[in-house]
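Chains, contacts and geometry: an overview
What follows is each chain in one-letter form.
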Amino acid sequence: METKVDNYFSPLNEEEQRLRLKKKKWAQIRKNRALYIMVLPGILYFLIFRYIPMGGLVIAFQDYQPFLGILGSPFVGFTHFIRLFTEDTFVMLMRNTLIMFFLNITISFPFPIVLALMLNEVNNRGLKKGIQTIIYLPHFMSWVIVVSIFYVLLTTEGGVINNMIESLGGERIPFLTSRTWLRPMYIFQDLWKGAGWGTIVYLAAITNVDEQLYEAADMDGAGKLRKMWHITLPCIRPTIVTLLILKIGSILDMGFEHMFLLMNSMNREVAQIFDTFVYTAGIQNGQLSYSTAVGLFKGLVGLILVIFANRLAKKIGEDGIY
């Protein structure tokens, strides 16, 4: 009897168990191979275009010369970071980026929530789908097309808006070159293009709200506004918090293409942000190491803020993103 027990727990038996577990895992992979094949393109995308290029961040600590390569370029430590923090350009970039982020987080972020709440109250299905289709369409336009449309509308040379202002007795307004109008124009374009698409997530979250809660509120005589405030918003709060955390992580990442298309020599002082500066310094001026240091700083700030916002969300009782 003792011999059988010893044999059962013998190293050979443990090795057989490990082999069986491996075979079982491979059997599960073969069984679900269709799902793994579907996931493979996404994994390859992030591996090739997100993770492997991160190795190039080492040039932020080098005086990178293309003909010497990464391995041959001299190491300069934190020289480029010191330059970034000591130049007057840093103050301008931080100011412009933070102002745009504040406007984005206070106007562009809550607008899709309000829009989703309003659409949810539309009872006519045909009208609701028609409104959704109209507000979704701008999302499928590139920023080049969006900015071009506004250029035709706002230009001082034959623009529709300026023609209307002049016909009413006013003077033409240089919307496209004005420092004052740049930020309102940026936010309005961002709302027009992205707000409709952003409502999809919130409408999907609203569909998961228990209808019995609304029925109970009707029994208590609650109106639509009270049901929105006390039922709908608390039920979709986890979704709002998750998207807010991700939004906070992009505090210094306002998007290159949109601002680059709006920026010109007249409004550059208020339009230049970290994204456009990385392109200007790296591609146009050939300062690859310096622009990489700027991009690395921008990414680290976003990472720190995501971690901080996620911990704060957990402290107030939310799930967070991880």
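A quick note: this is a predicted structure, and the numbers were derived from the prediction, not measured.

In this section: the overall build of the protein. Helix and strand counts for the protein stand at 18 helices and zero strands. A compact globule built from 322 residues would reach a C-alpha radius of gyration of about 20 Å, whereas the protein, at 27 Å, exceeds it by more than 25%. If one aligns the C-alpha atoms of the protein with their principal axes, the spans along those axes are about 105 × 75 × 40 Å. Here the protein holds 322 residues, and the buried ones make up 33% of them. In the protein, of all internal contacts separated by at least 6 residues, the share reaching a separation of at least 24 is 63%. With an accessible surface of roughly 20,900 Å², the protein has 66% of that area assigned to carbon and sulfur atoms. Each charge class in the protein was averaged separately, 30 positive and 24 negative side chains, and the resulting centres sit 6 Å apart.

What follows deals with helix α18 (residues 288-315). For α18, built from 28 residues, the straight-helix expectation of 40 Å at 1.5 Å per residue is met to within 8% by its first-to-last C-alpha distance of 41 Å. Gly317 lies just past α18 and shows a positive phi near 100°.

On to the nonpolar core, then. In this structure, Tyr186, Met259, Phe274 and Phe297 are the most contacted members of the largest nonpolar core, which totals 47 residues. Counting residues per element, the ones that place at least two in this core are α6 (88-108), α7 (110-120), α9 (143-154), α11 (179-206), α15 (256-262), α16 (268-271), α17 (274-284) and α18. Contact partners of Phe297, with chain neighbours within four places excluded, come to Leu84, Phe85, Phe90, Met94, Leu252 and Phe274. If you look at the next biggest cluster of nonpolar residues, it comprises five residues, including Val241, Ile245, Ala309 and Ala313.

We now examine the pattern of salt bridges. As enumerated under the stated definition, the model contains five salt bridges in all. Put simply, Lys227 and Asp218 hold a salt bridge, and the shortest N to O gap is 2.9 Å. Taking relative accessible area as the criterion, Lys227 reaches 16% and is therefore assigned buried. Across the salt bridge formed by Lys298 and Asp275, the nearest N and O atoms sit 3.4 Å from each other. A residue pair is termed long-range when its members are at least 10 positions apart, and Lys298 in helix α18 and Asp275 in helix α17 qualify at 23 residues. The same class applies to Lys298 as to Asp275, namely buried.

The residues that UniProt annotates with the feature "transmembrane region" (unreviewed entry) are residues 34-52, 64-86, 98-119, 131-154, 235-256 and 288-309. For the annotated span residues 64-86, helix accounts for 52% and strand for 0% of the residues, and the straight-line distance between the end C-alpha atoms is 21 Å. The span residues 288-309 is 100% helical and 0% strand by assignment, and the distance between its end C-alpha atoms comes to 32 Å.

Let's shift gears to the packing of aromatic side chains. Applying the stated criterion across every chain yields a total of 19 aromatic pairs. Ring geometry for Phe140 against Trp197: centres 5.5 Å apart, planes inclined by 80°, an arrangement best described as edge-to-face. Of this pair, Phe140 sits in the loop between α8 (125-136) and α9 while Trp197 sits in helix α11; the two residues are 57 residues apart in sequence, bridging distant segments of the chain. A ring pair is formed by Phe175 and Trp181, whose centres lie 4.8 Å apart and whose planes are at 70°; its orientation type is edge-to-face. A relative accessible area of 7% places Phe175 in the buried class. Through pairs of rings, three or more aromatic residues link up here, namely Phe85, Phe90, Phe274 and Phe297. The residue whose ring lies beneath Arg83 is Tyr290, and the NZ or CZ to ring-centre distance is 3.8 Å. Geometry around Trp143 places Lys193 over its ring, the cationic atom sitting 5.0 Å from the centre.

Cut-offs applied
- Residues numbered from 1 in each chain as written.
- Predicted model: local features only at pLDDT ≥ 70, side-chain atom pairs only at ≥ 80, totals over all residues.
- Heavy atoms only, no water.
- Helix = DSSP H or I, 4+ residues; strand = E, 2+ residues; numbered from the N terminus.
- Rg over C-alpha atoms; globule rule 2.2 N^0.38 Å.
- Buried < 20%, exposed > 50% of the residue type's maximum accessible area, 1.4 Å probe, protein only.
- Contact = heavy atoms within 4.5 Å.
- Areas by Shrake-Rupley, 256 points an atom, 1.4 Å probe, with all protein chains shown as cover.
- Lys, Arg positive; Asp, Glu negative; His and termini not counted.
- Charge placed at Lys NZ, Arg CZ, Asp CG, Glu CD.
- Expected span 1.5 Å × (residues − 1).
- Core = buried A, V, L, I, M, F, W, Y, C linked by side-chain atoms within 4.5 Å.
- Salt bridge = Lys/Arg side-chain N within 4 Å of Asp/Glu carboxyl O.
- UniProt positions renumbered as here; feature names shortened; annotations may be inferred.
- Phe/Tyr/Trp six-rings, centres within 6.5 Å; stacked < 30°, edge-to-face > 60°.
- Lys NZ or Arg CZ within 6 Å of the ring centre and 35° of its normal.

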